Amino acid sequence: MPPVREQLLLLEDQPAVAGLDPESVAAILDGAGQIASDSWAPLRRVGDREGARWTDEGVRMPTGHHAAYRAFVEGGWGTLGVAQDHGGQGLPFALQVAVMDSLGCANTALTLCPILTSGAVEALSRHGSAQQQALYLAKLVSGEWTATMNLTEPQAGSDVGALRSRATPREDGGWAISGTKIFISYGDHDLTDNIVHLALARTPGAPEGTKGISLFLVPKYRLNPDGTPGAFNDVRAVSIEHKLGLHASPTCVMSYGEKDDCIGELIGPEGGGMRAMFTMMNNARLFVGLQGVHVAEAATQAAVAYAKSRVQSARAGAADRTPVPIIEHADVRRMLLRMRALTDAARAVVYHVAGLTDAGEADMVALLTPVAKAYPTDIGCEVASLGIQVHGGMGFVEETGVAQYYRDARVFPIYEGTNGIQAADLVTRKLTLGSSFDDLMGVIGRAARNSALGALARECAALGNWLRTLRPEQRLAGSTPFLTLISVTVGGWLLEGQLAALAGDDGPFATRKRASIAFYLDQVLPEAVGLVAAVRAPSAAVETLPAEMFA
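Calculation criteria
- Residues numbered from 1 in each chain as written.
- Predicted model: local features only at pLDDT ≥ 70, side-chain atom pairs only at ≥ 80, totals over all residues.
- Heavy atoms only, no water.
- Helix = DSSP H or I, 4+ residues; strand = E, 2+ residues; numbered from the N terminus.
- Rg over C-alpha atoms; globule rule 2.2 N^0.38 Å.
- Contact = heavy atoms within 4.5 Å.
- Areas by Shrake-Rupley, 256 points an atom, 1.4 Å probe, with all protein chains shown as cover.
- Lys, Arg positive; Asp, Glu negative; His and termini not counted.
- Charge placed at Lys NZ, Arg CZ, Asp CG, Glu CD.
- Expected span 1.5 Å × (residues − 1).
- Buried < 20%, exposed > 50% of the residue type's maximum accessible area, 1.4 Å probe, protein only.
- Arc of directions from axis to C-beta.
- 1 Å grid on protein atoms, 1.4 Å probe; cavity = no way out; pocket = protein on both sides within 12 Å on 5 of 7 lines; lining within 4 Å.
- Points joined across faces, edges and corners; volume = space filled by probe spheres on them.
- Nonpolar A, V, L, I, M, F, W, Y, C, P; charged D, E, K, R; others polar.
- Polar contact = N/O pair within 3.5 Å; in protein donor to acceptor, adjacent residues only side chain to side chain.
- Core = buried A, V, L, I, M, F, W, Y, C linked by side-chain atoms within 4.5 Å.
- Salt bridge = Lys/Arg side-chain N within 4 Å of Asp/Glu carboxyl O.
- Phe/Tyr/Trp six-rings, centres within 6.5 Å; stacked < 30°, edge-to-face > 60°.
- Lys NZ or Arg CZ within 6 Å of the ring centre and 35° of its normal.
- Pairing = 2+ DSSP bridges.

(A) How the structure looks around the overall build of the chain. On a plain count of helices and strands, the chain comes out with 20 helices and 12 strands. What you see for the chain is a C-alpha radius of gyration of 24 Å, in line with the 24 Å of a compact globule of 551 residues. Along the three orthogonal principal directions, the C-alpha set of the chain runs to about 85 × 55 × 55 Å. Restricting the contact set of the chain to residue pairs at least 6 apart, pairs at least 24 apart contribute 73%. A total of about 22300 Å² of accessible surface is found on the chain, and carbon and sulfur atoms cover 55% of it. In the chain, 46 side chains carry a positive charge and 58 a negative one; their mean positions are 5 Å apart.

(B) Looking closely at helix α14 (residues 436-447). With 12 residues, α14 should cover 16 Å at 1.5 Å per step; its first-to-last C-alpha distance of 16 Å lies within 8% of that length. For α14, the complete set of buried residues consists of Ser436, Phe437, Leu440, Met441, Ile444 and Gly445. Projected down its long axis, α14 shows its buried positions confined to an angular sector of 160 degrees, all on one face. Along its buried surface, α14 packs onto α11 (362-391), α15 (451-467) and α17 (479-497).

(C) Layout of the layout of surface pockets. Within this model, the second largest pocket holds a volume of roughly 610 Å³. Taken together, 21 residues line the second largest pocket, and the ones lying closest to its centre are Thr300, Val304, Lys308, Arg340 and Arg512. Elements represented by at least two residues in the lining of the second largest pocket include exactly α1 (4-11), α9 (273-309), α10 (330-358) and α19 (508-536). Per-element accounting of the lining of the second largest pocket gives the leading share, six residues, to α9. Class assignment for the residues of the lining of the second largest pocket results in 12 nonpolar, two polar and seven charged.

(D) Expanded view of empty space enclosed by the protein. As enumerated under the stated definition, the model contains one cavity of 30 Å³ or more in all. Each pocket or cavity is described by its volume, and for the largest cavity that value is around 70 Å³. Lining the largest cavity are 13 residues; nearest its centre among them are Arg44, Asp48, Ala109, Ala248 and Gln404. For the lining of the largest cavity, the secondary-structure elements that each account for two or more residues are α4 (43-50), α7 (108-127) and α12 (402-409). Here the lining of the largest cavity gets four residues from one element, more than from any other, and that element is α4.

(E) Broad picture of helix α13 (residues 419-428). Within the sequence span of α13, burial applies to Asn419, Gln422, Ala423, Asp425, Leu426 and Val427. Those residues of α13 that are buried are in contact with α9, α11, α15, α16 (472-477) and α17.

(F) Layout of the side chain of His127. Residue placement: His127 occurs in helix α7. Polar side-chain contacts of His127 include one of 2.8 Å to the side chain of Thr279. When near neighbours in sequence (up to four residues on either side) are disregarded, His127 contacts Ile267, Gly268, Arg275, Ala276 and Thr279.

(G) Structural view of the nonpolar core. In terms of nonpolar packing, the biggest core is built from 144 residues, with Leu11, Leu440, Phe482, Ile486, Val490 and Tyr520 touching the most fellow members. Look past the residues within four positions of Leu440 in its chain and what remains in contact with it is Met364, Leu367, Leu368, Val490 and Trp493. Membership of the second largest hydrophobic core comes to 29 residues, among which are Tyr136, Leu151, Met281 and Ala284.

(H) Quick peek at the environment of Trp175. Positionally, Trp175 belongs in strand β5 (residues 175-185). Residue Trp175 is classed as buried on the basis of its relative accessible area, which comes to 10%. For the pair Trp175 and Cys262, spaced 87 residues apart in the sequence, the C-alpha separation amounts to 8.2 Å. Ignoring any residue separated from it by four or fewer positions in sequence, one finds Trp175 in contact with Ala167, Thr168, Pro169, Arg170, Thr203, Pro204, Phe216, Cys262, Ile263, Gly264, Leu266 and Glu270.

(I) Examining the side chain of Ser436 more closely. Locating Ser436 in the fold gives a position in helix α14. Excluding residues within four positions of it along the chain, Ser436 makes contact with Asp363, Met364 and Leu367.

(J) Region of the structure containing the pattern of salt bridges. Using the criterion set out here, one finds 28 salt bridges in the structure. Between Arg536 and Glu459 there is a salt bridge, with its nearest N and O atoms 4.0 Å apart. Of this pair, Arg536 sits in helix α19 while Glu459 sits in helix α15, and the two are 77 residues apart along the sequence. For Arg536, a relative accessible area of 37% gives the class partly exposed. A cluster of three or more residues bridged by salt bridges with shared partners is formed by Glu6, Asp101, Glu297, Arg340, Asp344, Arg347, Arg512 and Lys513.

(K) The arrangement of unusual backbone geometry in detail. One non-glycine residue with positive phi stands out, namely Tyr186, at about 55 degrees. By secondary structure assignment, the location of Tyr186 is in the loop between β5 and β6 (195-202).

(L) Local environment of the packing of aromatic side chains. This model, assessed by the stated rule, comprises eight aromatic pairs. Note on Phe437 and Phe482: the rings are 6.0 Å apart at their centroids and 45 degrees apart in plane angle, and the pair reads as tilted. With Phe437 in helix α14 and Phe482 in helix α17, the pair connects residues that are 45 residues apart, well separated along the chain. There is no split in this pair, since Phe437 and Phe482 are both buried. Put simply, the rings of Trp40, Tyr69 and Phe72 pair up and form one aromatic cluster. The cationic tip of Arg536 hangs over the ring face of Trp466; the distance from NZ or CZ to the ring centre is 5.0 Å.

(M) The pairing of strand β11 (residues 251-256), seen in detail. Among the six residues of β11, six are classified as buried, and the element is accordingly described as predominantly covered. Along β11, one buried face is formed by Thr251, Val253 and Ser255 and the opposite face, lined by Cys252, Met254 and Tyr256, is buried too. By the bridge criterion, five bridges tie β5 to β11 in an arrangement that is antiparallel. Bridged to Thr180 within β11 is Ser255. Here strand β10 (residues 235-240) runs beside β11; their pairing, made up of five bridges, is antiparallel. Bridged to Ile240 within β11 is Cys252.

Quick look at the structure:
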């Protein structure tokens, strides 16, 4: 079920949402929850079993996905957080995130499609020409067309500067695009009648590295004078990957210009590709963090339902030896509370960054983007694994469906910049971005009522100052535990801040929330204390062990 009550709690204190009619906000969330439950959720297992299929005529989506996606488009669900000038409804971005949250909890693989389009809409809105915006934005905003992000190549994964795709000027003002891209989510499908690819390529004479990269708009079908899809543009999926999870999300190998007839349009200036692409990537990183929340929420709900129904053994220490539902056993309750606490913390982080985006807090958004991408995706994997554990042996077989959550979640810490890259970004760039880090830790330290939380915030501030004095290599050695430490601290701060809104409410939701918040503050926060030593640990072993000795 969509977590509407949780969403309302997270949105009610955000200024951009607080100015809206509360009944309208509730109606939007209820409506999104309805389509999620009725249309998208039943396709989760179908998509996993059937998967997307590659054919000579293009990629074909699994049974039922076409109707579900049409319902999304016809309901206008992709238009909420987009400016009215571009065909949207001009509502807060945080509300758009909440809608995608409901859809993703129901069907993570299908939700990835509009998530990618959302990033392309933002990139075109900021960097596209007036003509490009007029021709493409309305269709992308509505979801009638979808979009992709094309960075990775066989020899250029995380090292984007090593890409080799080429863009050569044409006499008509366009660009001839050639090259191969890999790991392109929804690079081809049959949900819509056009797909707009945003692809990075090098122009003639461009310098090496990222400074020589430009961004191009490459539609699957060129547009007719009336704006409708016309001739095929010589860009196609030559294969799709066979993956651990997300089977209904086609991950494509894309070929541009096999017949020397692929035409693209430059987005922004030559050499400005990375700046424009980072607009799309940062949007995508927040939504990938939300995908971690999607899987964690679904896994938690499934585990709770199973624990309530599975009867096994008597309660420890009880005189009555009658078997009870396993939710009565202490370790199962511990796992369920941990799943719920971590999921709530992950969601709080993502929604907080969405709210900062609405507020125009660009530096704080930049600082917290690594947290919002990495922490929820790590949590998605942990919670999905715990969900299998709660199910016991039945979790390890496919009949219960919970193994899918783990298989789907495992890619989230990998794509859109691995979580190691997020940690490196935090300590090498974001830590020195103005005073944002120091300001945030100061706010948390002053606001914390939990002594452990306040102590962690102060420790984080001290670590930040210490890391700034080190060589980059030394910073990187402890970057992952530092990112996790910051994430746990921010998550605790956000959860503790929810307690005021729950005061005086003794209903089921508030009672459960207080229990999960207490669990996080009492058990998750203390775990983070150990990360301080990991951050401060000598970096010599990481830096100096010869590669051949790792075997």
